[in-house]
Amino acid sequence: MSKMMMRKLAMLLLVGMTAGGLLGCENDAGPAEETGKNIDDAMEEAGESIKEVGDSIQEEAERD
């Protein structure tokens, strides 16, 4: 085989192994990942609450 053919084969194998690795662990959420998701959700809710308070303050300021 030529060097070019070997390189293409090696690249194909590397891409295949990477894709297989990513697909293999896609559905396995461990405790750290679950905790991170919970933190993200809590931060998003806190941000929405802060925005609502800011909107309320702005509305009150505009009434005066």
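Residues numbered from 1 in each chain as written. Predicted model: local features only at pLDDT ≥ 70, side-chain atom pairs only at ≥ 80, totals over all residues. Heavy atoms only, no water.

Participant: Just checking my understanding: could you explain the overall build of the chain for this structure?
Facilitator: A tally of regular secondary structure across the chain gives 2 helices and 0 strands. Expressed as a percentage of its 64 residues, the buried residues of the chain come to 0%. (Helix = DSSP H or I, 4+ residues; strand = E, 2+ residues; numbered from the N terminus. Buried < 20%, exposed > 50% of the residue type's maximum accessible area, 1.4 Å probe, protein only.)

Participant: Looking at this model, I keep getting lost on a nonpolar patch on the surface. Mind explaining?
Facilitator: On the surface, Met 11, Leu 14, Val 15 and Met 17 cluster together into a nonpolar patch covering about 430 Å² of accessible area. Looking at the element boundaries, Met 11 is found in helix α1 (residues 3-24). (Patch = residues over 30% accessible without salt bridge, like charges linked within 9 Å, V, L, I, M, F, W, Y side chains within 5 Å. Areas by Shrake-Rupley, 256 points an atom, 1.4 Å probe, with all protein chains shown as cover. Salt bridge = Lys/Arg side-chain N within 4 Å of Asp/Glu carboxyl O.)

Participant: Teacher, can you tell me more about the pattern of salt bridges here?
Facilitator: Should the charged atoms of two oppositely charged side chains come close, the side chains can pair. Taken as a whole and judged by the stated rule, the model has 3 salt bridges. With a shortest N-O distance of 3.2 Å, Lys 37 and Asp 41 are connected by a salt bridge. Here the residue Lys 37 and the residue Asp 41 both occupy positions in helix α2 (residues 31-63), the gap between them amounting to 4 residues, near one helical turn.

Participant: Help me out: how do you make sense of a negative patch on the surface in this one?
Facilitator: Where like charges cluster on the molecular surface, the negative patch consists of Asp 40, Glu 44, Glu 45, Glu 48 and Glu 52. Position of Glu 48 among the secondary structure elements: in helix α2. (Lys, Arg positive; Asp, Glu negative; His and termini not counted. Charge placed at Lys NZ, Arg CZ, Asp CG, Glu CD.)

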